[in-house]
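A structural walkthrough
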Amino acid sequence: MSGIGYQGKKNIPRITSDRLLIKGGKIVNDDQSFLADIYIEDGVIKQIGENLIVPGGVKIIDAHGRMVIPGGIDVHTRFQMPDRGMTSADDFYQGTRAALAGGTTMIIDHVVPEPGSSLVAAFNQWREWADGKSCCDYSLHVDITEWHKGLQEEMEALVKDHGVNSFLIYLAYKDVFQISDAQMYEVFSVIRDLGAIAQVHAENGDIIAEEQKRILELGITGPEGHVLSRPEEVEAEAVNRAITVANQTNCPLYVTKVMSKSAADVIAQARKKGTVVYGEPISASLGTDGTHYWSKNWAKAAAFITSPPLSPDPTTPDYLNSLLACGDLQVTGSAHCTFNTAQRAVGKDDFSLIPEGTNGTEERMSLIWDKCVVTGKMDENQFVSVTSTNAAKIFNLYPRKGRIAVGSDADLVLWDPDITKIISAKSHNLAVEYNIFEGLEVRGGPLVVISQGKMVLEEGTLHVTEGSGRYVVRKPFPDNVYKRIKARSRLAELRGVPRGLYDGPVCEVTAVTPKVMTPVTSKKSSPVKLSAAQPVRNLHQSGFSLSGAQVDDNLPRRTTQRIVAPPGGRANITSLG
Amino acid sequence: MSYQGKKNIPKITSDRLLVKGGRIVNDDQSFYADIYMEDGLIKQIGDNLIVPGGVKTIEANGKMVIPGGIDIHTHFQMPYRGTTTVDDFNQGSKAALAGGTTMIVDHVIPEPGCSLLEAFDRWREWADEKACCDYSLHVDITHWNDSVKQEVETLLKEKGVNSFQVYMAYKDFYQMSNSELYEIFTFLGEMGGIVQVHAENGEIIAEEQTRMLEMGITGPEGHVLSRPEELEAEAVFRAITIASQTNCPLYITRVMSKSAADIISQARKKGNVVFGEPITASLGTDGTHYWSKNWAKAASFVTSPPLSPDPTTPDYLNTLLASGDLNVAGSAHCTFSVAQKAIGKDDFTQIPEGVNGVEERMSLIWDKAVVTGKMDENMFVAVTSTNAAKILNLYPRKGRIAVGCDSDLVIWDSDAVRTVTAKTHNSAAEYNIFEGMELRGAPMVVICQGKIVLEDGNLHTVSGSGRFLPCSPFPDFAYKRVKARKQLAVIRAVPRGMYDGPVAEFTPMSRGATPASSARTSPTKQIPVRNLHHSGFSLASSQVMQHGPPADDNPIRPGGRRIVVPPGGRSNITSLS
């Protein structure tokens, strides 16, 4: 599958003379649907309307009675991911090919640097892999797998020179990737200053480590131990904690892999209180549940292993689809990270060693159509929002991606809402033996897929070109996210109370037993907001008196403070102006 | 007033009292009856009692007779960096009695690294010498290792301590990591103790404190600005997650904010065994005073978690107390003189923390909750004494008026009006945080250990008359539910054959989640037996992988486990049996 070698920088589009006319389709964007023709040239949408004047000899696609939607964006993939000397089974070629087959024309993969190594070096490594193999446009998130001050410069370089605007941190994987609350606070402060998005893998790694030990001691070594040691409360707890720190640092937060009802509820509540937080359910959590971990077929049970795990509560998928439809969750990814059975079998005697990840990049679009649109939870426009538009907005790709408009990239899908398909490992485009959606019948699928202005799927046949995918640069400070953050930064100015020096008696203390808070040892450059003009002390006007009654006793609210309620109206001390 | 030896033997020998014509108020009902007491115990209740001659008779004249209050949280005579809080056990318990509280539970705070038992003995000595009312002790766990574990077991089994507090704040000092919390909760859950938690995220506080000081904010307002209520709510959420994971009853001390209270009430709705303790300060005043221009006054409000600057907080907490979402009211009485507070005159992080409230507690709740119609007199008794007695396993000896109970009674005058002021209070502190507040409802007569200690506004207390009351483990109020759940929480492995397919090569580095290093004895339940003959594994996907749910999954819920929905109905994986 890797016959074609590395083909150099892919930032220059290679498509030069592809002209396409899509006639008679219903264009579906996230805000409206309308009937119009689309003319595409050089990988870009040139005209939209009726009776377009186009050059002769243009290839015409008849779309009468079909929907034309923006190509899907899969915001979370892990193709070709290294794990303890192994590599996930689907590489960038196989993975993007599967994505295209399902109607997804752009993926955002995760760069996972080894703790201790350089972020930029890892980024370049991933670029090399993807440039050589990717069949569709791609971008990259970078994972922060450890934290020290030196990484700040690398992050800055990635944002400014390499077009990365999102970083993932891990609250799980104790002693490997996990970072502490104080480190999370520092990373979020850095991310906020850079104008990027903080992504979080939310699970409490400390509790998981304890539970894993307990479960193994009980003699439970099979895949069911994975979910038993990672109960959904542990996911919800970490989501709650990440939201608290994000609020505290005024940093936008993006929770990857929302797998349980409790975690989704925490996100929904936080949004109601005004927090800038986004939730990403994945194909697996929207389409299946964790009862399969109890399968007697070890290999099958192991195929469902991912973290956070699928919830054993069978009502979870329906619940998450509902939240996706009402806007409490915004984006869908696949977290596609597949391992074949032999690789999974590394953990055959100890579930904690099973490589984690499930498939889903190919099934994502059809699955959401089937679970949400067919059931009437959402309409076709919302479908476009959650499969592409919202992702494009959050990661600053809009309107180049995620919209059908003049000037946008020609990544389009001719969607047939009536087509039905049975998902099976026999017919999927993946390199693994199991498909977690095996036997699921889904309604709705792509008829024609156009990527970079070229037809890559037609009449059930894929025509992909290895290495044709371009790296898409993402700029910092996406409006959709940062408009609110910026406004809040301006309000969040804090002032000290100007009061006279205390000149009464001071008790002697021993220094032996400091009930003193030792401030964090790391020398973090704390976020210099508006360096609130140092409060000037009026040394002449001391308000101190030993008698209880004070001049300002009758004022319920002191004049120097203002309480600004955030949207949602809940009193929140971070917004004291 | 000298030290009078062991106080476990009641010294009251011939006190006979008859309370006539009162309305007895318990937490379940109110009724008119006379009460006859002898030797510090209630001997008879009813009409036309036959009592010996020469008995002192108190005419209650239709006033309410309630069980004496139990203040479940005090810090009398607390050592602090070489000084001691200004109210010692004599002064403190005197103030308690003056307010209608006839029993206090103080916190033993061992220095990190020191012996818990020694600290316990020291506190016993102090309290035996000076306390004027009965008392019990909580012990705070300020560090954790195997020897501490031994001591905790001794305290539980031999010393009459059934509640232990851990800290999630005070980084690098008292703060416990999540793993330590898990171990402590697991241990106490097995031993029948109650875990109390000081809930605030110490890591983020440390970061915020640094930031505030860097901004030049050094006054008491920095205290509340660096400890926003979200950090309290976050820690409460985390503690609840760990408690639910370890099936250990949880008690949150000092509920200071609406957000924290909300988390507790949500968790209770989901069936968690968690109790919330608002304190006099959070029920009676708010954090706007931190902005007072009078440094000494602002500093007198410094406590952790801080009072919320949201002025609607007290009303909200009183409502939740009335509805039963919060259960017990303490005072967290811990007073420092202005000179002691002034240790932190140039740096708010150095201000000793604590507020008054032991004397005002009963009247304040009556005024805020009963007078306003939020709760009735029975609920008032529940939150001021009965619930506390149940949690401490002292019920019905304390917290109820019934034959055989201790004669700790208060004749309550619901119409009396007092103005709280530092000029008249019984605490040694110069400031009273409730200064100027007019409270309706006050004790008219207080009877402690069968003796009248407050009458006609005069206190007659005897220093050293207070007895230590041992609290036994496994209080029914908390543990009946926990025990039932433990029986259900048996986890079983899936019996499946050994995996005998190919196994990929891998290098055992990173990623393979390393279980926690600490050697904890985890609860050994039951080791599942493997059936090695019955292998369900096969690589051929056709076998079990047909359309629809595969054969072995036909029961959507695998046979080996049962999903038990906790009260509240939310599916919860901890209850997988």
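Residues numbered from 1 in each chain as written. Chains lettered and ligands numbered in written order. Predicted model: local features only at pLDDT ≥ 70, side-chain atom pairs only at ≥ 80, totals over all residues. Heavy atoms only, no water.

Broken down by element type, chain B carries 15 helices and 18 strands. Residues classed as buried in chain B amount to 66% of the 577 residues present. Expressed as a percentage of contacts within chain B between residues at least 6 apart in sequence, the contacts between residues at least 24 apart total 77%. Carbon and sulfur atoms provide 51% of the accessible area of chain B, an area that totals close to 19,100 Å². (Helix = DSSP H or I, 4+ residues; strand = E, 2+ residues; numbered from the N terminus. Buried < 20%, exposed > 50% of the residue type's maximum accessible area, 1.4 Å probe, protein only. Contact = heavy atoms within 4.5 Å. Areas by Shrake-Rupley, 256 points an atom, 1.4 Å probe, with all protein chains shown as cover.)

For the rest of this paragraph, the subject is the overall build of chain A. When helices and strands are tallied, chain A shows 15 helices and 20 strands. Buried residues in chain A amount to 66% of all 577 residues. For chain A, long-range pairs separated by at least 24 residues make up 77% of all intrachain contacts whose partners lie at least 6 apart in sequence. With the model as given, the accessible surface of chain A reaches about 19,000 Å², and the carbon-plus-sulfur share is 52%.

Our next topic: the confidence of the model for chain A. Confidence in the prediction for chain A averages 87 pLDDT; 85% of positions are at 70 or higher. Predicted confidence for residues 1-16 of chain A stays below pLDDT 50, and this span has 32 contacts to residues more than four positions away or in other chains. (pLDDT = per-residue confidence, 0-100.)

Residue and element names in this part refer to chain B. Across the six residues that make up strand 13 (residues 250-255), a large majority, six, are buried. In this structure, strand 12 (residues 194-198) lies alongside strand 13, joined through three bridges in parallel fashion. Of the residues in strand 13, the one forming a bridge with glutamine 196 is tyrosine 251. In the sheet, strand 13 pairs with strand 14 (residues 274-278) via four bridges, with the strands oriented parallel. For tyrosine 251, the partnering residue across the bridge sits in strand 14 and is phenylalanine 275. With helix 8 (residues 258-269) bridging strand 13 and its parallel neighbour strand 14, the resulting β-α-β unit is right-handed. (Pairing = 2+ DSSP bridges. Right-handed = clockwise from strand over helix to strand, strands pointing away.)

As a further point, take the UniProt feature "domain: Amidohydrolase-related" (unreviewed entry) in chain A. Per the UniProt record, the feature "domain: Amidohydrolase-related" (unreviewed entry) sits at residues 67-456 of chain A. Annotated as residues 67-456 of chain A, this span is 38% helix and 19% strand, and its ends, taken at the C-alpha atoms, are 17 Å apart. (UniProt positions renumbered as here; feature names shortened; annotations may be inferred.)

This part takes up the side chain of Thr280(B). Residues and elements named next belong to chain B. Position of threonine 280 among the secondary structure elements: in helix 9 (residues 280-284). By relative accessible area, threonine 280 is classed as buried at 1%. In terms of polar contacts, threonine 280 uses its side chain to reach the backbone carbonyl oxygen of glycine 357, at 3.1 Å. (Polar contact = N/O pair within 3.5 Å; in protein donor to acceptor, adjacent residues only side chain to side chain.)

Another aspect to go through is the confidence of the model for chain B. All names here are of chain B. Per-residue confidence for chain B averages 87 on the pLDDT scale, and 85% of its residues sit at or above 70. Confidence over residues 1-13 falls short of pLDDT 50; this stretch has 19 contacts with residues more than four positions distant or in other chains. The low-confidence segment residues 510-577, where pLDDT is below 50, has 155 contacts with residues more than four positions distant or belonging to other chains. Predicted complex metrics record ipTM = 0.74 and pTM = 0.81.

Below, the discussion takes up the sheet that holds strand 1 (residues 19-23) of chain A. The strands that make up a sheet pair up through hydrogen bonds in the backbone, lying either parallel or antiparallel. Residues and elements named next belong to chain A. An order of 5-4-1-6 is seen for the four strands of this open sheet, with the pairing classed as mixed. Two strands bound the open sheet, and with one partner strand each, they are strand 5 (44-49) and strand 6 (59-62). Each neighbouring strand pair of the sheet contributes to a mean axis angle of 20°, computed without reference to strand direction. In this sheet, strand 5 lies alongside strand 4 (residues 37-41) in antiparallel orientation, the contact comprising five bridges. Across the sheet, the residue bridging to isoleucine 40 is isoleucine 45, located in strand 5. (Axes fitted to C-alpha atoms, helices over the stretch in contact; angles between N-to-C directions.)

Residue and element names in this part refer to chain A. For the structure on display, the rule yields 31 aromatic pairs over all chains. On the numbers, 5.8 Å between centres and 75° between planes, the contact of phenylalanine 123 with tyrosine 471 is edge-to-face. One end of the pair, phenylalanine 123, is in helix 2 (residues 119-133); the other, tyrosine 471, is in the loop between strand 20 (461-462) and helix 15 (479-491), with 348 residues separating them in the sequence. For phenylalanine 123, a relative accessible area of 0% gives the class buried. The exposure class assigned to tyrosine 471 is buried, which follows from its relative accessible area of 5%. Through a chain of ring-to-ring contacts, three or more aromatic side chains come together here, namely Phe79, Phe92, Phe123, Tyr138 and Tyr471. (Phe/Tyr/Trp six-rings, centres within 6.5 Å; stacked < 30°, edge-to-face > 60°.)

Residues and elements named next belong to chain A. Relative to the elements of secondary structure, lysine 377 occurs in the loop between helix 13 (364-373) and helix 14 (380-394). For lysine 377, a relative accessible area of 26% gives the class partly exposed. Residues lysine 377 and aspartate 318 lie 59 residues apart in sequence; the distance between their C-alpha atoms is 9.8 Å. With residues up to four places along the chain from it excluded, the contact list for lysine 377 reads Asp318, Asn321, Ser322, Ala325, Lys371, Cys372 and Gln382. A polar contact of 3.0 Å, which involves the side chain of lysine 377, links it to the side chain of aspartate 318.

Residues and elements named next belong to chain A. Taking strand neighbours across the sheet as the criterion, the seven strands line up as 8-11-12-13-14-15-16 in an open arrangement whose pairing is parallel. Strands with a single pairing partner mark the edges of an open sheet, and in this sheet they are strand 8 (72-77) and strand 16 (277-281). Between one strand axis and the next, the sheet turns through 25° on average, direction left out of account. Inspection of the sheet shows strand 13 (residues 166-170) paired to strand 14 (residues 197-201) by five bridges, in the parallel sense. Bridged to leucine 168 within strand 14 is glutamine 199. The sheet contacts of helix 7 (residues 232-249) involve strand 14, strand 15 (253-258) and strand 16, and relative to strand 15 the element is tilted by about 170°.

This part is about the nonpolar core. When a protein is soluble and globular, its nonpolar side chains tend to lie buried together. Formed by 258 residues in total, the largest nonpolar core has its most connected members in Met155(A), Phe167(A), Leu253(A), Ile141(B), Val152(B), Phe185(B) and Leu250(B). When residues of this core are assigned to their parent elements, the largest contribution, nine residues, is made by helix 7 (residues 229-246) of chain B. In contact with Leu250(B), not counting residues within four places along its chain, are Phe185(B), Val195(B), Val197(B), Ala239(B), Ile240(B), Ala243(B), Val273(B), Val274(B) and Phe275(B). Counting residues in hydrophobic clusters, the runner-up holds 19 residues, among them Ala388(B), Ala478(B), Tyr479(B) and Val482(B). (Core = buried A, V, L, I, M, F, W, Y, C linked by side-chain atoms within 4.5 Å.)

Within the structure shown, the criterion is met by 60 salt bridges over all chains. Its salt-bridge partner being Asp416(A), residue Arg66(A) comes within 3.4 Å of it at the nearest N-O pair. One end of the pair, Arg66(A), is in the loop between strand 6 and strand 7 (67-70); the other, Asp416(A), is in strand 17 (residues 412-422), and 350 residues separate them in sequence. The exposure class of Arg66(A) is partly exposed, given its relative accessible area of 29%. Of the residues examined, Asp416(A) reaches a relative accessible area of 8% and is grouped as buried. A salt bridge links Lys398(B) to Asp406(B); the nearest nitrogen and oxygen atoms lie 2.9 Å apart. Classification of Lys398(B) by relative accessible area gives buried; the value is 2%. Each of Asp137(A), Arg400(A), Lys401(A), Asp409(A), Asp411(A) and Arg470(A) takes part in salt bridges that share partners, so that together they form one network. (Salt bridge = Lys/Arg side-chain N within 4 Å of Asp/Glu carboxyl O.)

This part takes up helix 11 (residues 316-326) of chain A. All names here are of chain A. Taken residue by residue, helix 11 has Thr316, Pro317, Leu320, Asn321, Leu323, Leu324 and Ala325 as its buried positions. Residues of helix 11 that are buried in the fold lie against strand 15, helix 8 (261-272), strand 16, helix 9 (283-287), helix 13 and helix 14. Of the residues trailing helix 11, glycine 327 is marked for its positive phi of about 95°.

Under the present numbering, the feature "domain: Amidohydrolase-related" (unreviewed entry) in UniProt falls on residues 64-453 of chain B. For the annotated span residues 64-453 of chain B, helix accounts for 39% and strand for 19% of the residues, and the straight-line distance between the end C-alpha atoms is 17 Å.

Packed helices, taken two at a time, are described by the angle their axes make and the gap between the axes. Residues and elements named next belong to chain A. Where helix 2 meets helix 3 (residues 151-161), the axes come as close as 9 Å, and the angle between the chain directions of the two elements is 35°. Contacts between helix 2 and helix 3 involve Leu119, Val120 and Phe123 on the former and, on the latter, Leu151, Glu154, Met155 and Leu158. In terms of residue class, the contact of helix 2 with helix 3 is built from six nonpolar, no polar and one charged. (Nonpolar A, V, L, I, M, F, W, Y, C, P; charged D, E, K, R; others polar.)

Turning to the side chain of Ser134(A), a few remarks are in order. Within the fold, Ser134(A) resides in the loop between helix 2 and strand 12 (137-144). When residues no more than four places from it in sequence are discounted, the contact partners of Ser134(A) are Phe92(A), Thr96(A), Thr465(A), Glu466(A), Gly467(A), Ser468(A) and Gly469(A).

This paragraph deals with unusual backbone geometry. Residues and elements named next belong to chain A. Residue proline 308 follows serine 307 across a cis peptide bond; omega there is -15°. Position of proline 308 among the secondary structure elements: in the loop between helix 10 (298-303) and helix 11. Located in the positive-phi region is asparagine 250, a residue other than glycine, with phi close to 55°. Here asparagine 250 is to be found in the loop between helix 7 and strand 15. Backbone geometry at lysine 257 places phi at a positive 50°, although glycine is not the residue there. Of note, lysine 257 is situated in strand 15. Under the relative-accessibility criterion, lysine 257 is labelled buried at 10%.

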